Amino acid sequence: MENGDFKHFSRLRSKLYVVVFGTDTPAGKAFDLVLLVAIVLSIVVVMLESVRDIKIRFEEIFYILEWTFTIIFSIEYLLRIFISKKPKTYVFSFFGAIDLIALLPTYISLFVTGGSYLVVIRAIRLLRVFRIMKLTRYINEARVLGEAMEGAKRKILIFMGAVFTLVMITGTLMYLIEGGQNGFTSIPRSIYWAVVTVTTVGYGDIAPHTVLGQSFATMLMLTGYAILAVPTGIMTSEINKVERRGSIKDKICGRCTTGNERQSNYCTKCGERLEQYDKT
């Protein structure tokens, strides 16, 4: 490749990079808008296809639409590989995997044929619903939620450990109180009842019959409401922290989509050089 051709190639990649990863230009906004509409419509098609009467009536239209969406997402996937400075990093990243999963089902259906494989094809094609995960790349609030979950994960894990200990103890006690004659035939089944009770789901397939068991269940139900408030409080606190510093986390890394401070030149997570435009 001659020097002039290489410079032209580099300029082309830079322009495409701004279009694909930037939203502060008309071209970037249009690119994201087209993808958002395509993702939402493709999910609607998947849902409508599951309705037998609708599928029979519009099967040909669904087929054309599905291949249209697949071609659009294929072009996007190849384009991201083409403009990425480290294509391998993108391919094996979370978003790279989601982009690939969004494509594979339709292509696989071309090679898997025969009546006995129809169920397999149907199951594989249901993976198209993963396209909805592609939406997170374009929703700023998803990044806020992600950062909040990252900050709260240790507290949530400790909380889940405490809840697990609680249901183990209460399930064991109910097994001793009620016994097999009332449906509590084993400790695991009693723990299942405790989980259903403490989460306030209340299926009703197992219920205590003794006065002591019912009194114990009442206390567990009331405790369940208090327990449900704990993770809500933790997440609310973390989201508030993220939003308070949100105004300075406007520079988004094009490789790993991590939010960085406006004055940063390199991504704090992967070290990628940050572009001068902001993705807010």
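Everything below is about the structure printed above this text.
Draft legend 1. The overall build of the chain, seen in detail. Helix and strand counts for the chain stand at nine helices and two strands. Buried positions account for 34% of the 280 residues belonging to the chain. Once local pairs closer than 6 in sequence are excluded, the contacts in the chain between residues at least 24 apart make up 58%. For the chain, the accessible area works out to roughly 16,900 Å², and carbon and sulfur atoms hold 68% of it.

Draft legend 2. Seen up close, the nonpolar core. Within the largest apolar cluster, 15 residues are counted, with the highest numbers of intra-cluster contacts made by Val20, Phe21, Phe69, Phe73 and Ile83. Contributing elements (two or more residues each) for this core: α1 (3–21), α2 (26–49) and α3 (52–83).

Draft legend 3. The arrangement of the packing of α3 against helix α5 (residues 94–111) in detail. At a minimum axis distance of 10 Å, the contact between α3 and α5 shows a crossing angle of 135 degrees. Accordingly, the angle class assigned to the pair α3 and α5 is oblique. Between α3 and α5 lies a crossing whose hand is left-handed. Across the interface between the two elements, Glu66, Trp67, Thr70, Phe73, Ser74, Glu76, Tyr77 and Arg80 from α3 touch Gly96, Asp99, Leu100, Leu103, Thr106, Tyr107 and Leu110 from α5. By residue class, the composition of the contact of α3 with α5 is seven nonpolar, four polar and four charged.

Draft legend 4. A look at the packing of aromatic side chains. Taken as a whole and judged by the stated rule, the model has four aromatic pairs. Between tyrosine 77 and tyrosine 90, the aromatic rings sit 5.9 Å apart at their centres with planes inclined by 45 degrees, giving tilted as the arrangement. A residue pair is termed long-range when its members are at least 10 positions apart, and tyrosine 77 in helix α3 and tyrosine 90 in helix α4 (residues 87–91) qualify at 13 residues. As far as burial versus exposure is concerned, tyrosine 77 and tyrosine 90 are alike and both buried.

Draft legend 5. Quick peek at α2. With 24 residues, α2 ought to run about 34 Å at 1.5 Å a step, and its terminal C-alpha atoms sit 34 Å apart, in line with that. Those residues of α2 that fall on the buried side of the exposure criterion are Gly28, Phe31, Asp32, Leu35, Ala38, Ile39, Ser42, Ile43, Val45, Val46 and Glu49.

Draft legend 6. Spotlight on the pattern of salt bridges. Applying the stated criterion across every chain yields a total of three salt bridges. Residue lysine 153 is joined to glutamate 150 by a salt bridge in which the shortest nitrogen-to-oxygen separation is 3.1 Å. Placement of both lysine 153 and glutamate 150 in helix α7 (residues 140–178) is noted, with a separation of three residues, approximately one turn of the helix. The exposure class of lysine 153 is partly exposed, given its relative accessible area of 43%. Across the pair lysine 155 and glutamate 238 runs a salt bridge, and its minimum N-O distance is 3.3 Å.

Draft legend 7. Geometry of α5. The end-to-end C-alpha distance of α5, which contains 18 residues, comes to 26 Å, matching closely the 26 Å that a straight helix rising 1.5 Å per residue would cover. Taking the largest bend as the criterion, α5 deviates by roughly 35 degrees, centred on leucine 104, and proline proline 105 comes between one and four positions later. By the burial criterion, the buried members of α5 are Phe95, Gly96, Ile98, Asp99, Ala102, Leu103, Pro105 and Thr106. Sitting at the head of α5, serine 93 places a side-chain oxygen 3.2 Å from the backbone nitrogen of glycine 96.

Draft legend 8. Spatial organisation of the environment of isoleucine 234. With respect to the helices and strands, isoleucine 234 occurs in helix α9 (residues 211–244). Between the C-alpha atom of isoleucine 234 and that of glycine 151, which follows or precedes it by 83 residues, the distance is 9.6 Å. Isoleucine 234 has contacts with Ala152, Lys155 and Ile156, leaving out every residue within four places of it along the chain.

Draft legend 9. Inspection of unusual backbone geometry at higher detail. At threonine 200, a residue that is not glycine, the phi angle is positive and equals roughly 60 degrees. Assessed through its relative accessible area of 34%, threonine 200 is described here as partly exposed.

Reading guide: rules and limits
- Each chain carries its own residue numbering, running from 1 in the direction its sequence is written.
- Local features are withheld for residues below a pLDDT of 70 in this predicted model, meaning they are given only at 70 or higher, and side-chain atom pairs are given and counted only at 80 or more; totals for whole chains, interfaces and linings count all residues.
- No hydrogens and no water enter the side-chain calculation; it runs on all heavy atoms of the structure.
- Strands here mean DSSP runs of E at least two residues long; helices mean DSSP runs of H or I at least four residues long; both are numbered from the N terminus.
- When a residue's accessible area, from a 1.4 Å probe over protein chains only, is under 20% of the maximum for its type it is buried; when over 50% it is exposed; and in between it is partly exposed.
- Should any heavy atoms of two residues lie within 4.5 Å, those residues are counted as being in contact.
- Calculation of accessible area relied on Shrake-Rupley with a 1.4 Å probe; when residues are assessed, cover is drawn exclusively from the protein chains displayed.
- To qualify as a nonpolar core, a set must consist of buried Ala, Val, Leu, Ile, Met, Phe, Trp, Tyr and Cys residues joined through side-chain atoms within 4.5 Å.
- To get an axis, a line is fitted to the C-alpha atoms, and for a helix only the part in contact is used. The angle between two axes follows their N-to-C directions and goes from 0 to 180 degrees.
- Should an angle fall under 35 degrees it is called roughly parallel, over 145 degrees roughly antiparallel, and 65 to 115 degrees roughly perpendicular, with every other angle called oblique.
- Working rule for handedness: look at the near helix, and if it is turned counterclockwise from the far one by less than a right angle, call the crossing left-handed; if clockwise, right-handed.
- Any residue that is not Ala, Val, Leu, Ile, Met, Phe, Trp, Tyr, Cys, Pro, Asp, Glu, Lys or Arg is counted as polar, Gly included; the first ten are nonpolar and the last four charged.
- Note on aromatic pairs: the rings of Phe, Tyr and Trp (six-membered ring only in Trp) are paired at centre separations within 6.5 Å, and the planes decide the class, stacked below 30 degrees, edge-to-face beyond 60, tilted for the rest.
- An expected span of 1.5 Å times one less than the residue number is assigned to each helix.
- A pairing counts as a salt bridge when a side-chain nitrogen of Lys or Arg comes within 4 Å of a carboxyl oxygen of Asp or Glu.
- Bend angle per residue: angle between axes fitted to the 7 residues ending at that residue and the 7 residues starting there.
- Whenever two N or O atoms come within 3.5 Å, that pair is a polar contact, provided that in protein one can donate a hydrogen and the other can accept it, and provided that, for residues adjacent in sequence, both atoms are side-chain atoms.

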